[in-house]
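Coordinate analysis (summary)
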Amino acid sequence: MTTKPILTVKDLSVTFPDNNGGLDALGTLSFDIHPREFICFLGPSGSGKTTLLRALAGLIQPTSGSVNFMHHHQPKIGMVFQQSNLMPWRTVMENIQISLELDGAGEIKAQNKAREMIKLMGLKGFENSFPRDLSGGMAQRVAIARALIHDPDLLLLDEPFASLDALTRERMWTELSNIWQEKKKTVVMVTHSINESLFLADRVMVLTKRPGKIKLDVEVDLPRPRVDDIRYTSHFGKLAKKLRAAIE
Amino acid sequence: MIRRNSGADSIVWIEEGTSTTPYGICVDSRPENVRRFRGFLWIYSTRLTSGPLSVFTPRSFTYAEAFLFANQMKPKTLQSLSRWLGLLSILLAIPLWALVVQVSGLPKFILPSPADVWTRFLKALEDGSLLYHTGITLAEILLGLLAGVTFATIVGYLLAKSRPLEIALSPYLVASQAIPIVAIAPLLVIWLGDGILSKVVICALIVFFPVLVNTVVGVRAVPPALYDLMRSLRASRWQILFKLELPASLPVLLGGLRIGATLSVIGAIVGELVDAEQGLGFLLQLGDFQYDTSMVFVAVFMLIALALSLYGVVTLLERKFLKWQK
């Protein structure tokens, strides 16, 4: 990559206080993320993946080290959680609009943007449904639309498809891949699925067990746009094997 | 009635009702059958009067879900009947009451007949005394409710947000609940006079605790993940309050208001019975002193009407603001 990195993480570590001198969730991590890159952190449960994302989102303060963004100190963030995390009292439209609402955007503008997102995510017809009427896959689509609507500098995905059934999950991979192709956002995703990381990312970093450190940094040179069949190629298999060997 | 389709054992068909008003749902774990039965499901769901299936979106169900839905469905006739059933039972009680008076031969100052009470009601309405005293009591209730709810919501919110504050204040809060309001009502009347103020304060006190508890519970129950969402979007303190905490805890808050609304009627009457020159409690006592038992009945019915109206208002609020709950 020749561009300047959008995000520089230097010697990041996070320790949670406990009775036993503190729990080291994240070891010292350093990496750069370039604009429009799709980065995936892969690791076993308890490797501090979610902690890393929360630190990037500014939800927790790093114990040491730094997270620096280029150009501006406060990047706009879109976050998708393990559960859809929708507000049950808001309709699909209203849920998608929340970030624009918080930014004080006009109602008409917010609604137009939301309609655009609804079309993009294939949610037409569900505009006025409440979250209780949505299936898991639909709800997660709404969550992705909500994370994209304010045109964030950084999209953070925390195992966004973990709660979906296998078939829906794979369909969502293709959809997310297409959307990324269209929107070209900078994405950081954490997952424990090797297939998911290879199918979606440009670069996969494998984390060690707690405290999480980067064990392996792999460039995923699979052609885009990626289609389902790519998962059955020998190159995909080779990469998957390499990642599998690195995961403890 | 639950019927298992003999052809394919993965299909469960729950059916109730008659052949003229059939409804049912079909469950199948196999995707190809779910698709085949979608049309069926949809057709049947349009015949439902209410319940989750009227906003039905085609998808597969688990057996447990299907059973739940089937239990929630009721034929239209039964639903509209149950709506009138309450009114019907009240209407039946009146002739029964008249009959008891007739048969027992009790004097009017012990048990007046419905006709006596009705006449007394019309008279009190005509001379304006009834409306005046009802108005006074209603004012006490509403002011007390407003003060109690406002204060309790603010304190409750602070308690929910701060453990130390909760620990420091909880002995007082528990103690304040251990003392029956009837016991401190005379004190409050001595301190604040026999006017409207002492009743408003008694009302506010009796409303305070249930609303406070519900506020604490409601605010604590806001999902932590939604705080994460709001903070990742850089929401301000006020935005978090109005766009997350308030709507998320509203169901519980309105539950508190529902309890508070009924209690506030009790508060106002307790205050008026201690000492008052006006209000329905005063009217009640006046009727008692003058052996005007019909008047006592009129006052009691007015109180019931007040309590029911308040309850109704809260229910309307719930219906308006909690549409998303079902």
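So, the overall build of chain A
Summing up its helical and strand segments, chain A has 7 helices and 9 strands in all. Whereas a compact globule of 248 residues would reach a radius of gyration of roughly 18 Å, chain A reaches 18 Å, a difference of no more than 12%. Across the 248 residues in chain A, those meeting the buried criterion constitute 42%. A separation threshold of at least 6 residues defines the contact pool for chain A, and within that pool the share at least 24 residues apart is 72%.

A word on the overall build of chain B
Check the secondary structure of chain B and you find 12 helices and 3 strands. Looking at chain B as a whole, 31% of its 326 residues qualify as buried. Within chain B, contacts between residues separated by at least 24 positions form 67% of all contacts whose residues are at least 6 apart in sequence.

Focus on the interface of chain B and chain A
Each side of the interface is counted separately: chain B has 15 residues, and chain A has 16 residues. Of all the secondary-structure elements, those providing two or more residues to the side of chain B that touches chain A are helix H9 (224-232) and helix H10 (237-274) of chain B. Taken together, the residues of the side of chain B that touches chain A sort by class into 8 nonpolar, 3 polar and 4 charged.

Focus on the pairing of strand S1 (residues 7-16) of chain A
Residues and elements named next belong to chain A. As defined by bridge partners, S1 adjoins strand S2 (residues 23-33) across 7 bridges and the pair is classed as antiparallel. In the sheet register, Leu7 faces S2, and the bridge partner there is Ile33. Hairpin connection of S1 to S2: 6 residues between the antiparallel strands, including Gly21 at a positive phi of 80 degrees. As paired elements, S1 and strand S4 (residues 64-69) share 5 bridges and run antiparallel to each other. Counted as the bridge partner of Ser13 is Ser64 from S4.

Some words on the domain arrangement of chain A
Residue and element names in this part refer to chain A. Entries for chain A in the domain assignment read domain 1 (7-75 + 153-246) and domain 2 (88-150). Each of domain 1 and domain 2 has a C-alpha centre, and the two are 25 Å apart. With 9 residues of domain 1 at the interface, the matching set in domain 2 holds 6 residues. Residues of the side of domain 1 that touches domain 2, tallied by class, amount to 6 nonpolar, 2 polar and 1 charged.

A word on the environment of Ser99(A)
Residue position: Ser99(A) is located in helix H2 (residues 92-102). Along the primary structure Ser99(A) and Gly78(A) are separated by 21 residues, whereas in three dimensions their C-alpha atoms are 8.9 Å apart.

Topic: the sheet that holds S2(A)
Residue and element names in this part refer to chain A. Judged by pairing direction, the sheet is antiparallel, and its 3 strands sit side by side in the order S2-S1-S4 without closing on themselves. Two strands lie at the open edges of the sheet, namely S2 and S4, each paired on one side alone. Geometrically, the sheet is characterised by an average inter-axis angle of 20 degrees between neighbouring strands, direction not taken into account.

Quick look at the packing of helix H8 (residues 196-220) of chain B against H10(B)
Residues and elements named next belong to chain B. Running from N to C, H8 and H10 point in directions that differ by 155 degrees, and their axes come no closer than 7 Å. Between H8 and H10, the angle is such that the two are roughly antiparallel. The two elements H8 and H10 meet at a crossing, and its hand is right-handed. For the contact of H8 with H10, the residue count by class is 16 nonpolar, 11 polar and 3 charged.

Some details on the pairing of strand S6 (residues 154-158) of chain A
All names here are of chain A. Across the 5 residues that make up S6, a large majority, 5, are buried. Side chains Leu154, Leu156 and Asp158 project from S6 onto one buried face, and the interleaved Leu155 and Leu157 project onto a second face that is buried too. For strand S5 (residues 77-80) and S6, the ladder comprises 4 bridges, and the chain directions are parallel. By the bridge assignment for S6, Met79 is matched with Leu156. At this point the chain moves from S6, through helix H5 (residues 166-183), to the parallel strand S7 (residues 186-191), and the crossover so formed is right-handed.

Calculation notes
- Residues numbered from 1 in each chain as written.
- Chains lettered and ligands numbered in written order.
- Predicted model: local features only at pLDDT ≥ 70, side-chain atom pairs only at ≥ 80, totals over all residues.
- Helix = DSSP H or I, 4+ residues; strand = E, 2+ residues; numbered from the N terminus.
- Rg over C-alpha atoms; globule rule 2.2 N^0.38 Å.
- Buried ≥ 20, exposed ≤ 12 C-beta atoms within 10 Å, placed from the backbone.
- Contact = placed C-beta atoms within 7 Å.
- Nonpolar A, V, L, I, M, F, W, Y, C, P; charged D, E, K, R; others polar.
- Pairing = 2+ DSSP bridges.
- Domains from an automatic or database assignment.
- Axes fitted to C-alpha atoms, helices over the stretch in contact; angles between N-to-C directions.
- Parallel < 35°, antiparallel > 145°, perpendicular 65-115°, else oblique.
- Left-handed = near helix turned anticlockwise from the far one by under 90°.
- Right-handed = clockwise from strand over helix to strand, strands pointing away.

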